[in-house]
Amino acid sequence: MRAQNQLESFAHRCRVYYEDTDAGGVVYYVNYLKFMERARTERLRHLGFSQHQLAGQNLLFVVHSSEARYHAPARLDDELRVTAQVTELNRASLRFVQQVWREKDATLLCEGQFLVAAVRADTFKPRAIPPELRDAFLADGTGTQSIAGE
């Protein structure tokens, strides 16, 4: 995984609050994962889908695996830009590549990859991503689509 400014087809902006920082005044490392989770949720909303609506259709997204690399600290009141690029769309999963940037100086703070699985809300068993959601991701410029099932 390496920094690529060209990955940015969707970005969510947020600010660092006191609750996000540790005793040293910098963003506590796990909070970058929260920022990225919010960006993935906002990406769905941008496509016209809400987590609540999808849960009502017996669909949840769960993080199967994650990887993060930290480059520089964010501090209280920093404005952040968090990207959420889908690079792989499978039958029942999505792979996101995400980056967290500090807006004022365009510094890459953190980057990560997340494999997110689609599961049934009632059983937590894998299920196919609905065609309308798959089509929305494809129309929005998603990277690779895998034809093989998982």
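Throughout, a residue's number is its position along its own chain's written sequence, starting from 1. Per-residue local features are limited, in this predicted model, to residues with pLDDT of at least 70; the limit for side-chain atom pairs, both in listing and counting, is 80 or more; totals at the level of whole chains, interfaces and linings are taken over all residues. Calculation of side-chain values draws on the structure's entire complement of heavy atoms; hydrogens and water are dropped beforehand.

S.K.: Explain the overall build of the protein chain here, please?
M.R.: Put simply, DSSP marks the helices as runs of H or I at least four residues long and the strands as runs of E at least two long, and each gets a number from the N terminus on. Helix and strand content of the protein chain: 3 helices and 7 strands. Starting at the N terminus and ending at the C terminus, the protein chain contains elements arranged as β-α-α-β-β-β-β-β-α-β. For the protein chain, buried positions account for 42% of its 150 residues. Here, two residues are considered to be in contact whenever any of their heavy atoms come within 4.5 Å of each other. Of the contacts formed within the protein chain by residues at least 6 apart in sequence, a portion of 71% connects residues at least 24 apart. Of the accessible surface of the protein chain, which amounts to about 7900 Å², a share of 50% is contributed by carbon and sulfur atoms. Burial classification: accessible surface area is computed with a 1.4 Å probe over protein chains only, and a residue below 20% of its type maximum counts as buried, one above 50% as exposed, and the rest as partly exposed. For accessible areas, the Shrake-Rupley method is used with a probe of radius 1.4 Å. Any residue's cover is judged against the shown protein chains and nothing else.

S.K.: Explanation requested: the packing of aromatic side chains in the structure shown.
M.R.: Each aromatic ring pair is specified by the distance between its two centres and by the angle formed by the two planes. Aromatic rings from Phe, Tyr and Trp, taking only the six-membered ring of Trp, are treated as a pair when their centres fall within 6.5 Å; an angle between ring planes under 30 degrees marks them as stacked, one over 60 as edge-to-face, and anything in between as tilted. All told, the structure shown has 5 aromatic pairs when counted by the stated rule. Note on Y32 and F35: the rings are 6.1 Å apart at their centroids and 85° apart in plane angle, and the pair reads as edge-to-face. Of this pair, Y32 and F35 both sit in helix α1 (residues 31-46), 3 residues apart, which is roughly one turn of that helix. Like F35, Y32 is buried. Clustering of aromatic rings is evident, with ring pairs tying together Y28, Y29, Y32, F35 and Y70. Directly above the aromatic system of F114 lies the positively charged group of R40, at a separation of 4.4 Å from the ring centroid. Charge-over-ring placement is defined geometrically: NZ (Lys) or CZ (Arg) within 6 Å of the ring centre, and within 35 degrees of the ring normal.

S.K.: Teacher, can you tell me more about the pattern of salt bridges here?
M.R.: Pairing is possible between side chains that carry opposite charge, provided their charged atoms lie close to one another. For this analysis, a salt bridge means a side-chain nitrogen from Lys or Arg found within 4 Å of a carboxyl oxygen belonging to Asp or Glu. Following the criterion strictly, the structure yields 10 salt bridges and no others. Notably, a salt bridge pairs E103 with R81, separated by 2.5 Å at the nearest N-O pair. Taken as a pair, E103 in the loop between β5 (93-102) and β6 (107-120) and R81 in strand β3 (residues 79-83) lie far apart in primary sequence, 22 residues in all. When salt bridges with common partners are traced through the structure, they connect R13, R81 and E103 into a single cluster.

S.K.: Can you walk me through α1 in this structure?
M.R.: Within an α-helix, residues lying three or four positions from one another point in the same direction, as the helix has 3.6 residues per turn. In a helix, the anticipated span is given by 1.5 Å times the number of residues less one. For α1, spanning 16 residues, the distance from its first C-alpha to its last is 22 Å, which sits close to the expected 22 Å at 1.5 Å a residue. If you check which residues of α1 are buried, you get N31, Y32, F35, M36, A39, R40, T41, R43 and L44. Following α1 by one or two positions, G48 has its phi on the positive side, about 100°.

S.K.: Looking at this model, I keep getting lost on helix α3 (residues 131-139). Mind explaining?
M.R.: Every buried residue of α3 is accounted for by L133, R134, A136 and F137. For α3, the angular spread of the buried residues around the axis is 160°, confining them to a single face. In α3, the exposed residues that point more than 90 degrees away from the buried face are P131 and A139. Backbone geometry just downstream of α3 places G141 in the positive-phi region, at approximately 95°. What the arc covers is the set of directions going from the helix axis to the C-beta atoms.

S.K.: What am I meant to see in the nonpolar core here?
M.R.: A general trend in soluble globular proteins is that nonpolar side chains are found buried together. What is meant by a nonpolar core is a set of buried Ala, Val, Leu, Ile, Met, Phe, Trp, Tyr and Cys residues, joined one to another through side-chain atoms within 4.5 Å. Judged by nonpolar contacts, the single largest core of 32 residues is most densely connected at Y32, F61, L133 and F137. Mapped by element, the contributors of at least two residues to this core are α1, β2 (59-70), β3, β4 (85-89), β5, β6 and α3. With residues near it in sequence (within four places) discarded, L133 still touches L44, F49, L54, L59 and F61.

S.K.: Got a minute to help me understand unusual backbone geometry in this structure?
M.R.: The general pattern is negative phi for most residues beyond glycine and trans for most peptide bonds. The residue N58 is not glycine, and still its phi comes out positive at about 65°. Within the secondary structure, N58 is located in the loop between α2 (51-56) and β2. Residue classification places N58 among the buried residues on the basis of a relative accessible area of 18%. Positive phi, normally seen in glycine, also occurs at A106, with a value near 55°. Mapped onto the secondary structure, A106 falls in the loop between β5 and β6.

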